[in-house]
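# Structural characterization, general
Each chain, letter by letter, is given below.
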Amino acid sequence: LPGGDAETSLELFRHLITQPRECYLYRSWQRAGNANEMTFDGIFRLEPAAESLRFDGQVFLFVGASTFSAGTFPVVLALDNGLATVIGEPCGNGSSRYGMVERVKLPHSGRTFQYSTRIWERARSGAGDARRPIEPHVRIVPTLEDHLLGRDPLWDYFVATSVTPR
């Protein structure tokens, strides 16, 4: 699960839930007079897909250091709600982070820069230090030897533990 658009990465989980789920509290930077201030915006809620489109089976998420930014939304949702088994290495960032990046082009110099307009915070309190990388349920770190020999220990774990369809 790489970073990217949060809506895209969360669409999968709409098909696994039967009730709305809270993912993150979020706050936005707001302009107030001559200063920027943080305002509480609310809770990001994931709504379930239509019943005929829901999946009722075992789900695994493979994660690693390249799972970051919006890619952590489904990981946190899976961990906090028991929707999937998360396997692999710790994610590339913590469960709370800056996001919703805007781009600005300066009119005279033509230079561009980006800045975050929102802070995403994990909805469940006590879920661990928000600054530390998100830990999977099952920690499997592929080695150089695995790569050189063409082995995939995450896939091997999945094959050994998943339920075979009837």
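Since we're looking at a predicted model, the values are computed, not measured.

### Describing the pairing of strand β3 (residues 60-63)
- Alignment of β3 against strand β4 (residues 85-88), held across four bridges, turns out to be parallel. Bridge assignment links Phe60 to a residue of β4, and that residue is Thr85.

### Quick word on the side chain of Asn93
- By secondary structure assignment, the location of Asn93 is in the loop between β4 and β5 (97-105).
- Polar contacts involving the side chain of Asn93 include one to the main-chain amide nitrogen of Ser69, which spans 2.7 Å.
- Setting aside residues up to four positions removed in sequence, Asn93 forms contacts with Thr67, Phe68, Ser69, Thr72, Arg132, Pro133 and Ile134.

### Some words on helix α2 (residues 72-81)
- Burial runs high along α2: nine of the 10 residues are buried.
- Those residues of α2 lying buried are Thr72, Phe73, Pro74, Val75, Val76, Leu77, Ala78, Asp80 and Asn81.
- Downstream of α2 by a residue or two, Gly82 has a phi angle that is positive, lying close to 65 degrees.

The rules behind these values
- Residues numbered from 1 in each chain as written.
- Predicted model: local features only at pLDDT ≥ 70, side-chain atom pairs only at ≥ 80, totals over all residues.
- Heavy atoms only, no water.
- Pairing = 2+ DSSP bridges.
- Helix = DSSP H or I, 4+ residues; strand = E, 2+ residues; numbered from the N terminus.
- Polar contact = N/O pair within 3.5 Å; in protein donor to acceptor, adjacent residues only side chain to side chain.
- Contact = heavy atoms within 4.5 Å.
- Buried < 20%, exposed > 50% of the residue type's maximum accessible area, 1.4 Å probe, protein only.

Any functional reading would require information beyond the geometric quantities listed.
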